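Summary of structural features
The primary structure of each chain is shown beneath.
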Amino acid sequence: MTKAQEIAYDLREQIQSGRLAPGAALPSESKMMSQYGYSRETIRAGVRLLIEEGLVVTGQGQGKYVREDYPPVVWNWTTLESRSRHANAVEGRTAGDQWASAIAENGNAPRQEISVSIVVPPPHVRKRLGLPADGLAVARKRVRYIDNRPYALADSYFPQELVVGTPLMEPRDVSAPGGILASVGLVQAKYVDEISVRMPTHQEAEQLGLPAATPVAEHTRTGYDADGRALRCMVTILPGDRHKILYEVSTD
């Protein structure tokens with residue numbers, strides 16, 4: 001190992017063993033220079049390796065800290081948006097926004113920042129909604145917080161002509177028995193899911209407060225009616241350090 005790799009190895013072992021706990025500050029550069037007997041530049045190079053791995057983050061000033069752990073959220077995408085769950089909603093448990101209800105059921109505090117606009121959708125969303133090149137969509141964009149920590153981005157796109165004049169145009173939490181779309185006669189009969197894993201964009205990293213080396217899962221769910229018409233395309237960005245996705249698949 002190089003000197004920098006040696007420093008990174010020792011600090012990594014301290015982090016993984018718990019001697020340096022999540023959120024704890026790393027020893028000062030001066031202290032590590034004395035401990036390892038190496039130059040300041042070598043110390044910085046060793047710490048930089050851990051920053052690139054995502055084990056260490058930079059705080060205010062020159063401080064370096066062990067990356068904090070986020071309690072993982074388990075998403076059962078098999079049932080989260082089921083019509084039966086909507087239909088059997090119980091106020092305070094599964095009523096209203098299903099994401100918020102699922103978080104509240106786990107004893108956590110959900111919160112969403114919501115904006116609504118009419119946009120030219122991203123190309124992959126336009127394709128899934130079957131819109132023409134100049135077609136417009138209503139976009140409901142949400143930053144989702146759990147216990148005031150940003151956990152996910154969820155952007156839902158709807159063909160403009162389908163939802164203008166409905167509660168989906170309101171920039172706040174809205175709900176209805178069976179779902180808003182169903183309440184205006186647009187029933188989703190089938191979902192098609194796609195999942196990709198990638199590094200976040202700069203904007204996504206800023207919105208979610210992501211440290212370096214944090215991949216995200218991009219979950220795209222398109223809802224269709226019984227005739228195969230696309231009604232909604234939802235794109236959810238899930239940081240890899242705070243989410244688990246669960247599916248239940250029948251063998252039939």
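What counts, and at which threshold
Per chain, residue numbering runs from 1 following the sequence as it is written. Side-chain atom pairs in this predicted model are given and counted only at pLDDT of 80 or more, local residue features only at pLDDT of at least 70, and totals for whole chains, interfaces and linings cover all residues. Think of the side-chain values as coming from all heavy atoms in the structure, minus any hydrogens and water. Secondary structure elements are defined from DSSP: runs of H or I of at least 4 residues count as helices, runs of E of at least 2 residues count as strands, and each element is numbered from the N terminus. Working definition: with a 1.4 Å probe on protein chains only, accessible area under 20% of the residue-type maximum means buried, over 50% means exposed, and in between means partly exposed. Here, residues are in contact when the closest pair of their heavy atoms is within 4.5 Å. Using a 1.4 Å probe, the Shrake-Rupley method yields the accessible areas, and only the shown protein chains count as cover for residues. For this document, the term salt bridge refers to a Lys or Arg side-chain nitrogen within 4 Å of an Asp or Glu carboxyl oxygen. Take the buried Ala, Val, Leu, Ile, Met, Phe, Trp, Tyr and Cys residues and link them wherever side-chain atoms come within 4.5 Å; each set so joined is a nonpolar core. A pair of strands is considered paired only if DSSP assigns at least 2 bridges between the two. Note on definitions: angles span 0 to 180 degrees between N-to-C directions of axes, and those axes are lines fitted to C-alpha atoms, for helices only across the stretch in contact. A residue's pLDDT is the predictor's confidence in that residue, given on a scale from 0 to 100. Patch members must show over 30% relative accessible area and no salt bridge, and they are joined within 9 Å when carrying like charges or within 5 Å when they are nonpolar side chains of Val, Leu, Ile, Met, Phe, Trp or Tyr. A pocket here means an open set of points on a 1 Å grid, computed over the protein atoms alone, that has protein on both sides within 12 Å along at least five of seven lines. A cavity is instead a set of points where a 1.4 Å probe fits but cannot get out; residues with an atom within 4 Å of a point line either one. Grid points are joined across faces, edges and corners, and a volume is the space filled by probe spheres set on the points. Residue classes follow a fixed rule: Ala, Val, Leu, Ile, Met, Phe, Trp, Tyr, Cys and Pro count as nonpolar, while Asp, Glu, Lys and Arg count as charged, and any other residue, Gly among them, counts as polar. Roughly parallel covers angles under 35 degrees, roughly antiparallel covers those over 145, roughly perpendicular covers 65 to 115, and oblique covers all other angles. Note on convention: near helix rotated counterclockwise from far helix by under a right angle means a left-handed crossing. Clockwise means right-handed. Between the rings of Phe, Tyr and Trp (Trp by its six-membered ring), a pair exists once the centres lie within 6.5 Å; its type follows the angle of the planes, with under 30 degrees stacked, over 60 edge-to-face, and the other angles tilted. Placement of a positive charge over a ring is assigned whenever Lys NZ or Arg CZ falls within 6 Å of the ring centre and within 35 degrees of the normal to the ring plane.

Thoughts on the overall build of the protein chain
Looking only at helices and strands, one finds nine helices and 10 strands in the protein chain. If one aligns the C-alpha atoms of the protein chain with their principal axes, the spans along those axes are about 70 × 40 × 40 Å. For the protein chain, the residues scored as buried account for 40% of the 252 residues in total. Put simply, 60% of the contacts in the protein chain that link residues at least 6 apart link residues at least 24 apart. Of the roughly 13,500 Å² of accessible surface on the protein chain, a fraction of 51% belongs to carbon and sulfur atoms.

Brief notes about the pattern of salt bridges
Scanning all chains against the criterion turns up 14 salt bridges. The shortest N-O distance in the salt bridge between glutamate 170 and arginine 172 comes to 2.5 Å. A residue is classified by how much of its surface remains accessible, and glutamate 170, at 26% relative accessible area, is partly exposed. With a closest N to O distance of 2.9 Å, glutamate 204 and arginine 198 form a salt bridge. Of the residues examined, arginine 198 reaches a relative accessible area of 24% and is grouped as partly exposed. Beyond isolated ion pairs, a larger network of salt bridges with shared partners links Glu29, Arg40 and Arg44.

Quick notes on the nonpolar core
One finds Val125, Leu129, Tyr157 and Ile237 to be the most contacted residues of the largest nonpolar core, which totals 17 residues. Counting residues per element, the ones that place at least two in this core are helix H6 (123-129), strand E5 (137-146), strand E6 (149-159), strand E8 (216-224) and strand E9 (230-239). Not counting chain neighbours up to four residues away, the residues in contact with valine 125 comprise Tyr157, Cys233 and Val235.

As for the sheet that holds strand E4 (residues 110-119)
Taken in spatial order, the six strands make up an open sheet running E4-E5-E6-E9-E8-E7, and their pairing is antiparallel. Strand pairing shows two members of the sheet lacking a second neighbour, E4 and strand E7 (190-198), which therefore form its edges. Mean inter-strand twist for the sheet, computed between neighbouring axes without regard to direction, equals 15°. Pairing of E6 with E9 involves five bridges; the strand directions are antiparallel. Bridging across to E9, alanine 154 finds its partner in threonine 236.

Digging into the confidence of the model for the protein chain
Overall, the predicted model of the protein chain reaches an average pLDDT of 90, with 93% of residues at or above 70. Across residues 89-95 the pLDDT falls below 50, and counting only partners more than four positions away or on other chains, this stretch makes 10 contacts in the model.

Brief notes about a nonpolar patch on the surface
Together, Ile195, Val197, Ile245, Tyr247 and Val249 make up an exposed nonpolar region whose accessible area comes to about 470 Å². Of note, tyrosine 247 is situated in the segment after strand E10 (243-246). Exposure remark for tyrosine 247: the relative accessible area of 33% places this residue in the partly exposed category.

Considerations on the layout of surface pockets
The gaps left among the atoms become clear once a water-sized probe is rolled over them. Of the voids in this model, the largest pocket is the one considered here, and its volume is about 390 Å³. Around the largest pocket, the lining is made up of 20 residues, and of these Lys141, Leu153, Asp155, Glu204 and Gln207 lie nearest the centre. Taken together, the residues that form the lining of the largest pocket break down as eight nonpolar, five polar and seven charged.

A short note on the packing of helix H1 (residues 3-17) against helix H3 (residues 40-53)
Contact geometry for H1 and H3: axes closest at 8 Å, N-to-C directions at 55°. Taken as axis vectors, H1 and H3 run oblique relative to one another. Our pair here, H1 against H3, has a crossing hand that is right-handed. Together, Lys3, Ala4, Gln5, Ile7, Ala8, Leu11, Arg12 and Ile15 of H1 and Thr42, Ile43, Ala45, Gly46, Val47, Leu49, Leu50 and Glu53 of H3 make up the contact between the two elements. Here the residues of the contact of H1 with H3 sort into 10 nonpolar, three polar and three charged.

Quick look at the side chain of threonine 236
Turning to its location among the elements, threonine 236 is positioned in strand E9. Other than its neighbours up to four places away in sequence, threonine 236 contacts Trp77, Leu153, Ala154, Ala217, Glu218 and His219.

Considering the packing of aromatic side chains
Inspection of every chain in the model, using the stated rule, returns three aromatic pairs. Centre to centre, the rings of tyrosine 70 and tyrosine 151 are 5.5 Å apart; their planes meet at 65°, and the pair counts as edge-to-face. Linking tyrosine 70 in the loop between strand E2 (64-66) and strand E3 (73-76) with tyrosine 151 in strand E6, this pair joins segments that are 81 residues apart in sequence. Taking 6.3 Å as the distance between ring centres and 40° as the angle between the ring planes, the aromatic pair formed by tryptophan 75 and tryptophan 77 counts as tilted. Residue tryptophan 75 shares its accessibility class with tryptophan 77, and that shared class is buried. Members of the aromatic cluster, connected to one another through ring pairs, are Trp75, Trp77 and Trp99. The lysine or arginine in question, lysine 190, covers the ring of tyrosine 224, its NZ or CZ lying 5.4 Å from the ring centre. Seen from the ring of tyrosine 70, arginine 242 lies directly overhead, with NZ or CZ sitting 3.7 Å from the centre.

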